[in-house]
Amino acid sequence: WWDERVAARFRRNLQPTLTYWSVFFSFGLCIAFLGPTLLDLRCQTQSSLSQITWVFFSQQFCLLLGSCLGGVFKRTLAQSLLALFASSLAISVVFAIIPLCHNVVVLAVVMAAAGLAMGCIDTISNMQLVKIYQKDSAIFLQALHFFVGFGALLSPLIADPFLSDTNCILSNATANASRNLPHIRKSLVPHHPGNLSHYALPMKGMVVTRVSYAFWIMALINLPVPIAVFLLLYKERMVPCFNGSSHPLLSADELAMETRPTEKDDLSAAAHRAQAAGGHDDFFSCCQSKNFRGASYTYFAVHIAGALVLFMTDGIVGEYSGFVYSYAVEEPLSVVHKVAGYLPSLFWGFITLGRLISIPVSYRVKPATMVFINVVGVLVTFLLLLMFSSSVVFLFVGTASLGLFLSSTFPSMLAYTEDILQYQGCATTVLVTGAGIGEMVLQLLVGSIIHEQGSYSFLVCGMIFGGLAFAFYAFLLFFHRMYPKPPSDADDSSPDKAAVTADTGQYQR
């Protein structure tokens, strides 16, 4: 169901591609466990609700910092793979030592280290797949982000059997607090205990929690990931005790495709242009004045507009998953706590399902079209949620719809923006950083607004953010039309141009 050129490129890069996908599974495994286990970690560290939510903030802030700095390790393939090996191994180590952290400050430092590792994984994996596949990268980026969703679904399932059913600090005050434990667990979001401060959770007493087993299981599950990165390093002879590099032999079909003059010339020219442009550097290198020389205003506008779209859409993912439970249990819906608890799981489940569906869809549909469908779908869904705000059934339907529309926004936007810039800009780093800032900032902003204005403002904020995402995408389309086109001779000789004419127009990017 895809042409031989793309299939041959995939076969040729099979081990690196599978390795980057597995590393993103490690990223997903680490990003979703903290919410369900936070109350047990509160017992382990004997801290208050307001203190333990700082662990959320330390992870999110350092994830953003790691995303900015991830490009530093992308100077060579060896540096990228060594950084991925260290990051994926660090995640296993973090899982293993979390049960040993009995102080909330120590736990925050450990989670900050995990955030740095996750940020490096996010930037480097996206960069390397874009570098390998370029105009064919959309389908592989969709698969990459499916694996982060799969990991994010798996870690809460692993943790669930080991979570405490009653308060895990035994004292005289445990009886009343234990009845509210599921509600408190679902209501905790980064640095916003909200209206939970009136619940008297004990801080002193005998600690009884089995959550340590969940972390050790996740450490073992994640262990094959750094091993896979090490095997790729070994295959490429980039382990420090070896020198040089090895290149696998090509099969006859692959060799025939490799020796096409137009493709060889185009790839070498593209590599020369990318090297001359110094693209895909880290966030700070992107800001150096040497990268601005001769660049038109549309160069900067494309970066900014793309980042702002993801600032809004990833921010919606963070604020919706964090506050949909709190919105559902309050008036006018007043959903039963146990039923409302399914909403975040439904949201993330449909995000993962949407990413799985987007893998074959992205082969037939251009990234620009997919992003348009996504932002329009988000806007319409929030509009309908506002119109039927008193319907519990439509809240569940709207939650599933939002998950589907938001699922493929990031990989599609990344593929589209890199394509506009002809793989010579800093789009990957800027977009990853913009998405991370949006997820952290909008969550804090919405938490403050809900606390002041009430639960209905949750949907109003989502509608505003969806409208802004659509507006910024319209600006991106405008700047795309203004952006300088590549030379016509390069277009005519490129393998992608040949593929378009040979494939009857079905595969165009």
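Residues numbered from 1 in each chain as written. Predicted model: local features only at pLDDT ≥ 70, side-chain atom pairs only at ≥ 80, totals over all residues. Heavy atoms only, no water.

Note the cut-off: UniProt positions are given in the numbering used here, feature names are shortened, and annotations may be inferred rather than shown by experiment.
An unreviewed UniProt entry annotates the protein as MFD4A protein originating from Rhinopomastus cyanomelas. You can read under Sequence similarities (unreviewed entry) in the UniProt record for the protein the words "Belongs to the major facilitator superfamily." We quote the UniProt Subcellular location (unreviewed entry) comment for the protein here in full: "Membrane".

## What to know about the overall build of the protein
Rules: Here a helix means four or more residues in a row that DSSP labels H or I, a strand means two or more in a row labelled E, and each is numbered from the N terminus. Residue burial is assigned from relative accessible area. The probe radius is 1.4 Å, only protein chains are included, and a residue is buried under 20% of its type maximum, exposed over 50%, and partly exposed in between. Residues are treated as being in contact if the distance between any of their heavy atoms lies within 4.5 Å.
Within the protein one finds 24 helices and two strands. Buried positions account for 55% of the 509 residues belonging to the protein. The contacts of the protein with a sequence gap of at least 6 include a subset with a gap of at least 24, amounting to 83%.

## Let's talk about helix 5 (residues 77–97)
Threshold: Here the expected length of a helix is defined as 1.5 Å per residue gap, with one fewer gap than residues.
Relative to the 30 Å expected for 21 residues at 1.5 Å per residue, helix 5 spans 30 Å between its end C-alpha atoms, a close match to the ideal helical length. Regarding helix 5, the residues found buried are Ser80, Leu81, Ala83, Leu84, Ser87, Ser88, Ile91, Ser92, Val94 and Phe95. Looking at the packing, one finds that the buried side of helix 5 touches helix 2 (14–31), helix 6 (104–133), helix 10 (211–222) and helix 11 (224–235).

## A few points about empty space enclosed by the protein
Under the convention used in this document: Only protein atoms enter the 1 Å grid, on which a cavity is a set of points fitting a 1.4 Å probe that cannot get out and a pocket is an open set with protein on both sides within 12 Å along at least 5 of 7 lines, lining residues being those with an atom within 4 Å of a point. Grid points are joined across faces, edges and corners, and a volume is the space filled by probe spheres set on the points. When residues are sorted by character, Ala, Val, Leu, Ile, Met, Phe, Trp, Tyr, Cys and Pro go into the nonpolar class, Asp, Glu, Lys and Arg into the charged class, and all the rest, Gly among them, into the polar class. Residue ranges assigned to the domains are those given by an automatic or database domain assignment.
Counted under the stated rule, the structure contains five cavities of 30 Å³ or more. By volume, the largest cavity is sized at about 410 Å³. The wall of the largest cavity is formed by 23 residues, among which Phe27, Ile31, Asp314, Arg355 and Glu439 lie closest to the centre. Of all elements in the fold, only helix 2, helix 4 (49–69), helix 7 (137–159), helix 15 (297–329), helix 17 (342–364), helix 20 (409–420) and helix 21 (427–453) reach the threshold of two or more residues within the lining of the largest cavity. Per-class residue counts for the lining of the largest cavity are 13 nonpolar, six polar and four charged. Counting residues domain by domain, the lining of the largest cavity receives three or more from each of domain 1 (12–170 + 206–239) and domain 2 (296–485).

## Digging into the packing of helix 7 against helix 20
What counts here: Angles run from 0 to 180 degrees between N-to-C directions of axes, and those axes are lines fitted to C-alpha atoms, restricted for helices to the stretch in contact. Any angle from 65 to 115 degrees is called roughly perpendicular, while one under 35 is roughly parallel, one over 145 is roughly antiparallel, and all others are oblique. For a crossing to be left-handed, the near helix must be turned anticlockwise from the far one by less than a right angle; the clockwise case is right-handed.
At a minimum axis separation of 9 Å, helix 7 and helix 20 run at an interaxial angle of 150°. It follows from the interaxial angle that helix 7 and helix 20 lie roughly antiparallel. Seen along the crossing, helix 7 lies across helix 20 with a hand that is right-handed. Where helix 7 abuts helix 20, its residues Ser137, Ala138, Leu141, Gln142 and His145 lie against Phe410, Pro411, Ser412, Leu414 and Ala415. Here the residues of the contact of helix 7 with helix 20 sort into six nonpolar, four polar and no charged.

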